[in-house]
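Descriptive analysis of the structure
These are the residues of each chain, in order.
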Amino acid sequence: MQFIQVSDWLLDIAFLLYVLSSIVFVIAMTGKNWAGRDPKQHEAKYGRIAYWLAVIGFIAQTGYVVTRWIGGGHSPTSNMFEFMAFLDFCIILAYLIIYRIYKLTVIGAFVLPLGVIMLAYSYVFPKDVTPLIPSLQSYWLHIHVTTAALGEGILAVGFAAGLMYLIRTVPQTVSTKSTKWLEVVLAVVLMLVGFIGMESTFARMDQKTVFEMNKETQNAMGQMEKAQAEYTMPALVAPADATIIKQGPMSPLFTAPTWMEGKDAARKLNTMLWSVLTGVVLYGVLRLIFRKRLGALIQPSVEGIEPELLDEISYRAISIGYPVFTLGALIFAMIWAQEAWGRFWGWDPKEVWALIVWLFYSAYLHLRLSRGWIGAKSAWMSVIGFVIILITLVVVNLVIAGLHSYAGV
């Protein structure tokens, strides 16, 4: 357990350093317009500080991966906490490599906050090291999950560069379809931020709502019992055919449909509803405070950056991340599925969404290489592709039950 405790400390240190790096990156990009500052010198100075904070944070997170692996006896990718922390590790690794190639400060201003969000998302899930279930007791755990996470981490850099391209090039003086869809993308990111904030806040308040299912089900020991569902966040939706045995801060507004079976289905729906609500509220508050679209608010920070360079970075990241993701999330996954479940493909929700991600990025590369989709079209596809990945990581894991539900909350 000593290694586990050390790994927790190292991850906390990495998280703090990533937050500081994100703040300094923002200062590097926004402070260059301050009066009396030489923009290039200011950006270079603070960009170097932010970069080295990220490097030190990455070293600390590497220590987390090593000590967690030793302490747990397997690669730290067996549950949602470990997977999201490792995905964040891969995102930062991909960023550090891209930065050494292009030396573009603004990349860090977008990628590091994304890394902070992903690592904060991991903290929502239980951090305990538990014994591997039978289907995970395989060396394919190390190969499949780590490779899939690495592919998604590289694709995240492509998303960040594509988002920067759109913020840089979409005119903000008039309201168009492009400005509206860009705001939708930023609102989706805020929904993830809102979910993390709500889950963390109510977990500390410990005001759970507990439901008992009226129908008895068979437990792992073969005995019949009434299952219970615990809500960390206030209950907007109650499970079908259930009774409240511990009242939380509010009463449910409605009951989940009967087709959402299982004690966790309604709780996961409740989580998603709060995510959407808090994201919308956050977006509305920011719009009221700054009195402009978020795209218009961020746009000055990317002025002076060549759009063609951002387009190139996005394409290169995706062209590298795509084959890595293909190996990890599809080929290695199917081999492992054959060993664990006796079939290569079973239409499990996580398998289906991995296929959707792969098909989308396949279309991206096809349209770019054969149809000449560069610039705005390419950037939109890179952004939409990673939004699909976010749906896979959040919605599929938290709402839809399947063979991969061991990775849920």
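Refer to the structure above for everything that follows.
Residues numbered from 1 in each chain as written. Predicted model: local features only at pLDDT ≥ 70, side-chain atom pairs only at ≥ 80, totals over all residues. Heavy atoms only, no water.

**Here we look at the overall build of the protein**
Each helix and strand in the protein was counted, giving 11 helices and 5 strands. Counting all 409 residues of the protein, 53% fall into the buried class. In the protein, the proportion of contacts linking residues at least 24 apart, taken out of those at least 6 apart, comes to 76%. When the accessible surface of the protein is totalled, it reaches about 18900 Å², and 65% of it is carbon and sulfur. (Helix = DSSP H or I, 4+ residues; strand = E, 2+ residues; numbered from the N terminus. Buried < 20%, exposed > 50% of the residue type's maximum accessible area, 1.4 Å probe, protein only. Contact = heavy atoms within 4.5 Å. Areas by Shrake-Rupley, 256 points an atom, 1.4 Å probe, with all protein chains shown as cover.)

**Remarks on the layout of surface pockets**
Counted as a void, the largest pocket has a volume near 830 Å³. Lining the largest pocket are 24 residues, with Val 26, Ala 109, Phe 110, Pro 113 and Ile 298 sitting closest to its centre. Only α1 (2-30), α4 (105-123), α5 (140-169), α6 (177-205), α7 (265-290) and α8 (294-298) provide two or more residues apiece to the lining of the largest pocket. The element best represented in the lining of the largest pocket is α4, accounting for 5 residues. A class-by-class count of the residues in the lining of the largest pocket yields 21 nonpolar, 3 polar and no charged. (1 Å grid on protein atoms, 1.4 Å probe; cavity = no way out; pocket = protein on both sides within 12 Å on 5 of 7 lines; lining within 4 Å. Points joined across faces, edges and corners; volume = space filled by probe spheres on them. Nonpolar A, V, L, I, M, F, W, Y, C, P; charged D, E, K, R; others polar.)

**With respect to the side chain of Ser 382**
Positionally, Ser 382 belongs in helix α11 (residues 376-398). Leave out the neighbours within four places in its chain, and Ser 382 touches Gly 158, Phe 159, Gly 162, Ser 314, Ile 318, Tyr 361 and Tyr 364.

**Considering the environment of Ala 333**
In this fold, Ala 333 is placed in helix α9 (residues 307-341). If sequence neighbours within four positions are ignored, Ala 333 has contacts with His 144, Leu 327 and Gly 328.

**So, the pattern of salt bridges**
Scanning all chains against the criterion turns up 6 salt bridges. One salt bridge in this structure joins Arg 287 and Glu 183, with 4.0 Å as the shortest N-O distance. Here Arg 287 is found in helix α7, whereas its partner Glu 183 is found in helix α6, with 104 residues between them in sequence. Overall, the relative accessible area of 5% leaves Glu 183 in the buried class. (Salt bridge = Lys/Arg side-chain N within 4 Å of Asp/Glu carboxyl O.)

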